[in-house]
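An overview of the molecular structure
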Amino acid sequence: MTGSSASVGPGAATADLAPGRPVISAQGVSKRFRRKDQVVTAIKDVDLDVSSGEFVCIVGPSGCGKSTLLNMSAGLMEPSKGKLLFAGEPVTGPNTSVGYITQKDNLMPWHTVEGNIGLALHIRKTDKAKARARVAEMIEMVGLQGFEKSYPGELSGGMRKRVTLARTLAYDPPVLLADEPFGALDAQLKLVMQAEMQRIWAETGKTILFVTHDISEAVALGDRVIVMSSRPGQVKVDRRIDFPRPRDVFKIRHQPGFADLAEELWDILAADMHSGEDM
Amino acid sequence: MSVIDSDQGARRVAAAPEEVWDEKALQSSQRKNLLTVMGWRAVLLVAFVGAWQATSGPVIDPFYVSTPSDIATRLWEWLRDGTVATHLYATLQATLMGFVIGGVVGIGVGFFLGRSPLVARVVDPYIIAIYSLPKVALAPLFILWFGIGMTSKVVLAATIVFFLVFYNTYAGVRAVDRDLVDVVRLMGGTRRDILRRVVLPSSATWIFNGLKISVPYALIGAVVGELTASDRGIGFVLKRASGTFDTAGVFASLVILMVVATILNQMVVYGERYVDRWRSTPT
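Residues numbered from 1 in each chain as written. Chains lettered and ligands numbered in written order. Predicted model: local features only at pLDDT ≥ 70, side-chain atom pairs only at ≥ 80, totals over all residues. Heavy atoms only, no water.

1. With respect to the overall build of chain A
For chain A, the count of helices and strands is nine helices and ten strands. Radius of gyration (C-alpha) of chain A: 19 Å, near the 19 Å computed for a compact globule of 279 residues. With respect to the three principal axes, the spread of C-alpha positions in chain A is 50 × 45 × 40 Å. Within chain A, contacts between residues at least 6 apart in sequence are counted, and of these 72% link residues at least 24 apart. (Helix = DSSP H or I, 4+ residues; strand = E, 2+ residues; numbered from the N terminus. Rg over C-alpha atoms; globule rule 2.2 N^0.38 Å. Contact = heavy atoms within 4.5 Å.)

2. As for the overall build of chain B
Each helix and strand counted, chain B has twelve helices and zero strands in total. Secondary structure of chain B in N-to-C order comes out as α-α-α-α-α-α-α-α-α-α-α-α. For 283 residues, the compact-globule formula gives about 19 Å, and the C-alpha radius of gyration of chain B, at 26 Å, lies well above that figure. Taken over the C-alpha atoms alone, chain B extends approximately 85 × 60 × 30 Å along its principal axes. Out of the 283 residues in chain B, the part that is buried amounts to 39%. Counted over contacts in chain B with a minimum sequence separation of 6, partners at least 24 positions apart contribute 74%. Surface summary for chain B: the accessible area is close to 16,600 Å², and the carbon and sulfur share equals 68%. Positive and negative side-chain charges in chain B, numbering 26 and 20 respectively, have mean positions lying 6 Å apart. (Buried < 20%, exposed > 50% of the residue type's maximum accessible area, 1.4 Å probe, protein only. Areas by Shrake-Rupley, 256 points an atom, 1.4 Å probe, with all protein chains shown as cover. Lys, Arg positive; Asp, Glu negative; His and termini not counted. Charge placed at Lys NZ, Arg CZ, Asp CG, Glu CD.)

3. Some thoughts on helix H6 (residues 117-132) of chain B
The end-to-end C-alpha distance of H6 of chain B is 21 Å, a good match for the 22 Å that 16 residues give at a rise of 1.5 Å each. In the structure, H6 of chain B departs most strongly from a straight axis at Val123 of chain B, where the bend amounts to approximately 50 degrees and where the proline Pro125 of chain B lies between one and four residues downstream. (Expected span 1.5 Å × (residues − 1). Bend = angle between axes of the 7 residues up to and from the residue.)

4. Section: the environment of Asn95 of chain A
For Asn95 of chain A, the position within the fold is in the loop between strand E5 (89-90) and strand E6 (98-101). Sequence spacing of Asn95 of chain A and Ala74 of chain A is 21 residues, and the spatial spacing of their C-alpha atoms is 5.0 Å.

5. Quick notes on the interface of chain B and chain A
If you look at the interface, chain B gives 26 residues, while chain A gives 38 residues. Here chain B and chain A share an interface that buries about 2,900 Å² over both sides, 65% of which is from carbon and sulfur atoms. For the interface between chain B and chain A, the tally reads two salt bridges. A salt bridge links Asp179 of chain B to Lys104 of chain A, with the nearest nitrogen and oxygen atoms 3.0 Å apart. (Buried area = accessible area lost by both parts, 1.4 Å probe. Salt bridge = Lys/Arg side-chain N within 4 Å of Asp/Glu carboxyl O.)

6. So, the nonpolar core
One finds Ile117, Met197, Phe210, Val219 and Val225 of chain A to be the most contacted residues of the largest nonpolar core, which totals 74 residues. The contact partners of Val219 of chain A, leaving out residues within four places of it in the chain, are Val225, Ile241, Phe243, Arg247, Phe258, Leu261 and Leu265 of chain A. (Core = buried A, V, L, I, M, F, W, Y, C linked by side-chain atoms within 4.5 Å.)

7. Considering the sheet that holds strand E2 (residues 38-51) of chain A
Residues and elements named next belong to chain A. Pairing in this open sheet of four strands is antiparallel, and the strands run E2-E1-E4-E5 from one edge to the other. Looking at strand neighbours, the two that pair on one side only are E2 and E5, the edges of this open sheet. Bridge count for strand E4 (residues 81-86) against E5 is two bridges, and the pairing is antiparallel. In the strand pairing of E5, Phe86 is matched with Glu89. (Pairing = 2+ DSSP bridges.)

8. Some words on unusual backbone geometry
Residues and elements named next belong to chain A. Each neighbour pair has its own omega, and for Arg231 with Pro232 the value is -5 degrees, a cis peptide bond. The step from Arg245 to Pro246 runs through a cis peptide bond, and the omega angle for that step is -10 degrees. Take Pro246: it is sitting in the loop between strand E10 (235-240) and helix H9 (258-273). For Ala87, which is not glycine, the phi dihedral falls at a positive 50 degrees. Relative to the assigned elements, Ala87 resides in the loop between E4 and E5. Note on Ala87: relative accessible area 6%, which makes it buried.

9. Considerations on the domain arrangement of chain B
Domain annotation for chain B reports domain 1 (19-55) and domain 2 (65-275). Centre-to-centre, using C-alpha coordinates, domain 1 of chain B lies 33 Å away from domain 2 of chain B. (Domains from an automatic or database assignment.)

10. Section: the pattern of salt bridges
Once their charged atoms are close, side chains differing in charge can pair, the charge on each being opposite to the other. Counted according to the given criterion, the structure contains 21 salt bridges over all chains. The salt bridge partner of Glu54 of chain A is Arg224 of chain A, with a shortest N-O separation of 2.9 Å. Placement of Glu54 of chain A in the loop between E2 and strand E3 (55-59) and of Arg224 of chain A in strand E9 (residues 224-228) is noted, with a sequence separation of 170 residues between them. A relative accessible area of 9% means that Glu54 of chain A is categorised as buried. Residue Arg224 of chain A is classed as buried on the basis of its relative accessible area, which comes to 8%. Across the salt bridge formed by Asp177 of chain B and Lys104 of chain A, the nearest N and O atoms sit 2.9 Å from each other. Pair noted here: Asp177 of chain B is in the loop between helix H8 (150-174) and helix H9 (178-186) and Lys104 of chain A is in the loop between E6 and helix H3 (113-117), and the two residues belong to different chains. We classify Lys104 of chain A as partly exposed; its relative accessible area is 42%.

11. Quick look at the environment of Val65 of chain B
By the secondary structure assignment, Val65 of chain B is in helix H3 (residues 62-65). Linking Val65 of chain B and Gln53 of chain B, residues twelve residues apart in sequence, is a C-alpha distance of 9.7 Å.

Have a look at this one:
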């Protein structure tokens, strides 16, 4: 698995990313790990289609294999069984069409904010002046003006998260994978970031697969909410969310129907909460 | 956009009132502290040298400890007749060449084995075996192989430096955060990008640490080589003085070595500050 020989390249993928077409398609996907002397089945027979332009949220008890699903979509892992297709093609190496926002912020500590946000642009040999303009644009978008020359170690957790978001959006990948991106943020900043995420999604038409443990976040943002069972993770419910867009993430929680929906999903999730083993 | 504006607004408010710090008081108290420390250092040095000078003779046999004045005289003589220049040049040359050769090879092999886990596992026991050997014990062998000239000293210093740098580089490359590598791979980075943008900067601290601790060892290697058998170098001067019961000469050589080692270490400290400038905690 070398970085350059990914079968799914940005050029190859865009052709098949027409709106409504399935971008990520899991077909009977299972994944097993060897942990010490034990074989752990992280997910089992997962079928899931994410269409182009969709905002899909996945919730589930911890250790249900949500991250595993994202890792496979990103091409960092391969399924033990079944097929995982990206734009109709099996994912065999690092998938350069996705931007992956992981739980950990994974910034390069030796680069400044600017350097981190421009990383993909430098790797992709974007024209210097263009790259600089793009980085400035991203910094403004996430509100980090004045911190261009700061190192990640000097920033707060929330600011680092914003740098990660800016870094991922800077190179404009058509698909975003987000693994509990706002999990560590305080409640207020979380709402701000949710609103930002929704705005970016609406403006760019990206496909977003968003893992969270927060049901109200999932309901507020998603076109669909997938509830997964505890390990081995399986799709329990695939629920369409019909609140009109654009949604006001600050107020949607008070909208009629929201509480019922969240409670319904919570009940499905809670049934599994205690039967699952610990991570 | 409005959401982000509110965030910036918050920051602007926080920065608005010009806070007045008493910078002058802060600075002057720092300066005062520094003066106190420097003052006491000087007192300690003068007291020690003074006590040495006073007790050498009436209390302790100067044959064993010489006197600060004799040592100073000897150093002055050596400085004027070129002894220091000639022999220090030889020692520094062996130290520097050993350091550079051992460092470059150590970084190279460390990177290679760090990136090739299978080969690393195969050769691991042999490396540990050679590593465990006290390297100075190789001095007689190298003299046998390379003669009493410069080469044997360079090889000894390089061998010692190699292992220190190699181990640190290897550990540094192994400690690279896999997640950061994945970030670059997803951005479409090649192996070269991964090496340049993640592995190299991430292991730079380790490599630098290896280089840092090996600076005094390079000097040790050169001096031990000179002590074993040579016709030049501060180690040679030291051994010659000792062989002729010239205690002042022995101490004068030690003073030279001490000064040189301190300067080398200080250079390393400055170099490290530059390389590690992204770390928020200054060392």
